[in-house]
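Architecture at a glance
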Amino acid sequence: MKYLLYFGLIIAALVRNIAGKQQDGYIFTSPRSLKNGGNNELNLRRFGNLDGGNLQVQVFYRNDYNSENETVAASEDFEIPEGEEESILNLYLKISDDNYFNGRIQINGSFGDYEISGSDSVSFSKGKKSIIIIQTDKPLYKPGETVKFRVLKVNKFLKPTEKNNSAEVYVEDTKGTRLFQFENLDLQKGLVQRDFPLSDEPVLGRWSIKVKNGDSEQSTNFEVKEYVLPKFEVKIKFPSFVLANAEPAGAASARIRFLFIVTHISIGSSAATLLSGFDTFNFPLYGKPGL
């Protein structure tokens, strides 16, 4: 998450550290993108002067991108107790206007004889009422395998939603061709699980599963490609007996199967050869007998 850092406030903190004295200063932080329709956490950290006082936070927005006219979206006064170095503030933001563009956050504070002020630009994001989670049973598939997936829709409290729970699911290959479709899935009871088979010669690459629920759409990706899982075995050999005053020595060997393709290219033609085999690695083991 990005934060606003007012340059003059950082300078005040640096002067305090360099001089080794208790200089007055503060750092105010806020999300760069404020959530419309929800709470936004702000932070005020003070140095030196810790008198009690008041901090006013205002958020403005513009109806037109090229307009200089600003409209107040939120304005709230926070009481800062005496002696409190760090204050966590929650600002609720609700912009009912459908047309709003990037805005500005403004702070003004008074703590005894010490006053602070600052301003910086912010953007806005809409808070989501629900979250759609899509999972596949694994990220990588081979041709001919079955892809299993599940869809879960929850609200902001991570509970199943009660409204608008009908969804459509589309499966597209790497070229954007829709190959599978599931309609009228009911997400009200929680998890919905489905699966679909891959052909023996599918389009290789990154596929996507898209879930459309009302005006919102969520997607996830998985890979389809040819691959061979490596096989290996490990053997450990120890002598049949070990003297009490001797350090035992043994040997271990690992046998790993490899598979790769060698491509032969010549003028006017090309060919590929599939090679496989085993490599064996041997290494000694040393240690002291257990007590």
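The name an unreviewed UniProt entry gives the chain is TEP1-F, with Parasteatoda tepidariorum as the organism. In its Function (unreviewed entry) section, UniProt records this for the chain: "Binds covalently through a thioester bond to the pathogen surface resulting in pathogen clearance."

Digging into the sheet that holds strand β1 (residues 25-29)
Here we have 3 strands laid out as an open sheet, ordered β1-β3-β6, and antiparallel in their pairing. Either end of the sheet is taken by a strand with one partner, and the two such strands are β1 and β6 (86-93). Mean inter-strand twist for the sheet, computed between neighbouring axes without regard to direction, equals 20°. Relative to strand β3 (residues 38-47), β1 runs antiparallel, the two sharing 5 bridges. Directly across from Gly25, in β3, lies its bridge partner Phe47.

What about the sheet that holds strand β2 (residues 33-36)?
On the basis of which strands lie adjacent, the open sheet formed by 5 strands has the order β2-β8-β7-β4-β5 and mixed pairing. What marks the edges here is a single partner per strand, and that holds for β2 and β5 (71-80). Across the sheet, the mean angle separating the axes of adjacent strands is 30° when strand polarity is ignored. Bridging between strand β4 (residues 53-61) and strand β7 (residues 103-111) involves 7 bridges; their strand directions are antiparallel. Paired with Leu55 across the two strands is Gly109, which belongs to β7.

A closer look at unusual backbone geometry
In this structure, Asn184 takes a positive phi of about 55° despite not being glycine. For Asn184, the location among the structural elements is in strand β13 (residues 178-186). Classification of Asn184 as exposed rests on a relative accessible area of 60%.

A short note on a nonpolar patch on the surface
A cluster of nonpolar side chains, contributed by Ile131, Ile133 and Leu158, occupies part of the molecular surface with about 270 Å² of accessible area. Relative to the helices and strands, Ile131 resides in strand β9 (residues 130-136). Take Ile131: its relative accessible area is 39%, and that puts it in the partly exposed class.

About the cut-offs
- Residues numbered from 1 in each chain as written.
- Predicted model: local features only at pLDDT ≥ 70, side-chain atom pairs only at ≥ 80, totals over all residues.
- Heavy atoms only, no water.
- UniProt positions renumbered as here; feature names shortened; annotations may be inferred.
- Pairing = 2+ DSSP bridges.
- Helix = DSSP H or I, 4+ residues; strand = E, 2+ residues; numbered from the N terminus.
- Axes fitted to C-alpha atoms, helices over the stretch in contact; angles between N-to-C directions.
- Buried < 20%, exposed > 50% of the residue type's maximum accessible area, 1.4 Å probe, protein only.
- Patch = residues over 30% accessible without salt bridge, like charges linked within 9 Å, V, L, I, M, F, W, Y side chains within 5 Å.
- Areas by Shrake-Rupley, 256 points an atom, 1.4 Å probe, with all protein chains shown as cover.
- Salt bridge = Lys/Arg side-chain N within 4 Å of Asp/Glu carboxyl O.

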